[in-house]
Amino acid sequence: MRLLHLSDLHLGRRLCEADLFEDQKYILDQIVSIALSEGVQGVLVAGDVYDKGVPGVGAVNLWDHFLTALCENHLPVWAISGNHDSAERLAFGGRLLEPSGVHLASVFSGRMERFETRDEHGPLTIWALPFVRPAAVRAFFPDDTIENYTDAAAALVRAAAPDAGGRNILIAHQFVTAGAAAPAASGSELLNLGTLDNVDASAFDLFDYVALGHIHAAQQVGREEVRYCGSPLAYSVSEALGQKSVTVVDVGPKGQVSTKQVPLSPQRALRRVQGPLEALLQSAVPSNDYIYARLTDKTPPLDPAARLRSVYPNLVRLEFVLPDAPAADAPALREIAMRTPRQLFEEFYQSVHGRELDDEEKAFLDDVLGKEAEG
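Along each chain, numbering runs from 1 in the same order as the chain's sequence is written. Owing to the predicted nature of the model, reporting of local features is limited to residues with pLDDT of at least 70; listing and counting of side-chain atom pairs is limited to 80 or more, with chain, interface and lining totals taken over all residues. No hydrogens and no water enter the side-chain calculation; it runs on all heavy atoms of the structure.

### Structural notes on the packing of aromatic side chains
Then, in step 1: Two rings belonging to Phe, Tyr or Trp (six-membered ring only in the last case) form a pair when the distance between their centres is within 6.5 Å. Interplanar angles under 30 degrees mark stacking, angles over 60 mark edge-to-face geometry, and anything in between is tilted. One pass over the full model with this rule turns up three aromatic pairs.
Then, in step 2: Here the aromatic rings of Phe-108 and Phe-140 are separated by 5.6 Å at their centres, their planes lie at 90 degrees, and the arrangement is edge-to-face. With Phe-108 in the loop between strand 6 (102–105) and strand 7 (113–119) and Phe-140 in the loop between helix 5 (134–138) and helix 6 (149–160), this residue pair connects regions lying 32 residues apart in the sequence.
Then, in step 3: In this scheme, a residue with accessible area under 20% of its type's maximum is buried, one over 50% is exposed, and one in between is partly exposed, where area comes from a 1.4 Å probe on protein chains only. For Phe-140, a relative accessible area of 46% translates into the label partly exposed.
Then, in step 4: Measuring from centroid to centroid gives 6.5 Å for Phe-204 and Phe-207, while their planes differ by 70 degrees, and the two rings are edge-to-face.
Then, in step 5: In this structure Phe-207 comes out as buried when scored by relative accessible area, which is 2%. Elements are defined by DSSP. Helices are runs of H or I of four residues or more, strands are runs of E of two residues or more, and each kind is numbered from the N terminus.

Okay, structure coming up:
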């Protein structure tokens, strides 16, 4: 069976102050064309359909437009909610949509939703796990020790008990890591410091393919069959250099899964330009692309935004940088991001007071962090 893996549509999103309605409609239509040209037999949508819990009219119309196009071409859809979605609102009309082949698993009910389909190799089970927090899972498993996101995911997989001899696909929207390795994230995803919010990929070892959403850059996590497909459009200036794509998944007999990335071509790309203002104006080719401009002039020029908009009408961000400013140390930042809140606080306390926490202070910190984890 050939499937199309999508996520993080973020319908209703704005890029800085730019309205992306036309851009999102354009890319959704392109995705439908790719689904048809690739001969897929179904579409997996791994959460963050909307950008806000209460989506605007335009965002709802886009989702309706997309689902209608897929249904008119007899392509079934399996979709879950993400952390940006209102699970209940996304679930609206689900029972009416089911006969049309649109399967919505957006409201967490204490278990993973299960859908059965078939191909020439026999039955294929698609499991759906919408975004969920450990506290919500703990309420359904009072006898289990659930202290973090990995514990929560592991408990749900044990309860689902997927047939290890059958073919199983999971759709999930979480921050998934492989050991100490975190996926490459952009400014569009709000990731907490430390590793409290991650799910270790080993929790999903029983699944032949794991269709992930939440991270906006396409990548595998650990093994090749655990993948983020990425967002279909660039949603922050940090994504200006990335190629967006959709993931096509071929599921053969048990144990045989392959993937490929099919690139997307946006109506208006997000590009970064950098240099002195006069040099940028002289070399500019007028374009309707979204432009993130970084000016390296030693003294601020007069009215740079208006002058840049004369050739780049869709200028979305302008900032000044020192010509010789060092680039951010991404590995160092990622190392800091992988520390726990406790480690970060202890290092901060040591730097301020010149000593480590005493036993009483450690006990107080344990109590505070415990309450924070409970939400």
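Picking up after the structure, the text goes on.
### Considerations on helix 1 (residues 21–37)
Then, in step 1: A helix is expected to span 1.5 Å for every residue after the first. Helix length check: helix 1, at 17 residues, gives a terminal C-alpha distance of 24 Å against a target of 24 Å (1.5 Å per residue), a fit within 8%.
Then, in step 2: Against the buried residues of helix 1 lie strand 1 (2–6), strand 3 (18–19), helix 2 (57–72), strand 15 (245–251), strand 16 (257–263) and strand 18 (290–295).
Then, in step 3: At the C-terminal side of helix 1, Gly-39 shows a positive phi close to 65 degrees. It only takes one pair of heavy atoms within 4.5 Å for two residues to be counted as in contact.

### Section: the sheet that holds strand 19 (residues 315–320)
Then, in step 1: Any two strands between which DSSP finds at least two bridges are classified as paired. As summarised here, the arrangement of the three strands in space is 17-18-19, forming an open sheet in which the pairing is parallel. Edge positions in the open sheet fall to strand 17 (270–275) and strand 19, since each of these has one partner strand only. Neighbour-to-neighbour, the strand axes of this sheet turn through a mean angle of 15 degrees, independent of strand direction.
Then, in step 2: The pairing of strand 18 with strand 19 spans five bridges and is parallel. Bridge pairing links Ile-291 to Leu-315 in strand 19. Axes here mean lines fitted to C-alpha atoms, for a helix over just the part in contact, with angles spanning 0 to 180 degrees between N-to-C directions.

### Topic: the packing of helix 1 against helix 2
Then, in step 1: Relative orientation of the contacting elements helix 1 and helix 2 amounts to 15 degrees, with a least axis distance of 10 Å. Taken as axis vectors, helix 1 and helix 2 run roughly parallel relative to one another. Once helix 1 is placed against helix 2, the crossing between them reads as right-handed. Seen from helix 1, the contacting residues are Phe-21, Gln-24, Lys-25, Leu-28, Asp-29, Ile-31 and Val-32; seen from helix 2, they are Gly-58, Leu-62, His-65, Phe-66, Ala-69 and Leu-70.
Then, in step 2: When residues are sorted by character, Ala, Val, Leu, Ile, Met, Phe, Trp, Tyr, Cys and Pro go into the nonpolar class, Asp, Glu, Lys and Arg into the charged class, and all the rest, Gly among them, into the polar class. Taken together, the residues that form the contact of helix 1 with helix 2 break down as eight nonpolar, three polar and two charged. When an angle is under 35 degrees it counts as roughly parallel; over 145 it counts as roughly antiparallel; between 65 and 115 it counts as roughly perpendicular; any other value is oblique. Left-handed describes a crossing whose near helix is turned anticlockwise from the far helix by less than a right angle; the clockwise case is right-handed.

### Re helix 2
Then, in step 1: Along its 16 residues, helix 2 runs 22 Å from first to last C-alpha, staying within 8% of the 22 Å computed at 1.5 Å per residue.
Then, in step 2: Of the surrounding elements, those touching the buried residues of helix 2 are strand 1, helix 1, strand 4 (43–46), strand 5 (77–80), helix 3 (87–90) and strand 6.

### A closer look at the side chain of Asp-48
Then, in step 1: By the secondary structure assignment, Asp-48 is in the loop between strand 4 and helix 2.
Then, in step 2: One buried charge, Asp-48, has no salt-bridge partner; the nearest side chain with opposite charge is Arg-13, at 7.0 Å.
Then, in step 3: Pairing of N or O atoms within 3.5 Å defines a polar contact, subject to two protein rules: one partner must be a possible hydrogen donor and the other a possible acceptor, and residues neighboring in sequence count only if both atoms are side-chain atoms. In terms of polar contacts, Asp-48 uses its side chain to reach the backbone amide nitrogen of Asn-83, at 3.2 Å.
Then, in step 4: Looking at Asp-48, its side chain comes within polar contact range of the main-chain nitrogen of His-84, at 2.8 Å.
Then, in step 5: Here Asp-48 is in contact with Asp-8, Leu-9, His-10, Ser-81, Gly-82, Asn-83, His-84, Asp-85 and His-173, once residues within four sequence places are set aside. Counted as positive: Lys and Arg. Counted as negative: Asp and Glu, with His and the chain ends omitted from the count. The salt bridge definition used is simple: a Lys or Arg side-chain nitrogen within 4 Å of an Asp or Glu carboxyl oxygen.

### Things to note about the confidence of the model for the chain
Then, in step 1: When pLDDT is averaged along the chain, the result is 89; 89% of the residues meet or exceed 70.
Then, in step 2: Residue-level confidence of the predictor, termed pLDDT, takes values from 0 up to 100. When the criterion is pLDDT under 50, residues 191–195 qualifies, and its contacts beyond four places in sequence or with other chains add up to 18 contacts.

### Section: the environment of Arg-307
Then, in step 1: Note on placement: Arg-307 falls in helix 8 (residues 304–309).
Then, in step 2: In this structure Arg-307 comes out as partly exposed when scored by relative accessible area, which is 31%.
Then, in step 3: C-alpha of Arg-307 to C-alpha of Leu-281: the two residues are 26 residues apart in sequence and 8.0 Å apart in space.
Then, in step 4: In this structure, Arg-307 is in contact with Leu-277, Glu-278, Leu-281 and Leu-302, ignoring residues within four places of it in sequence.

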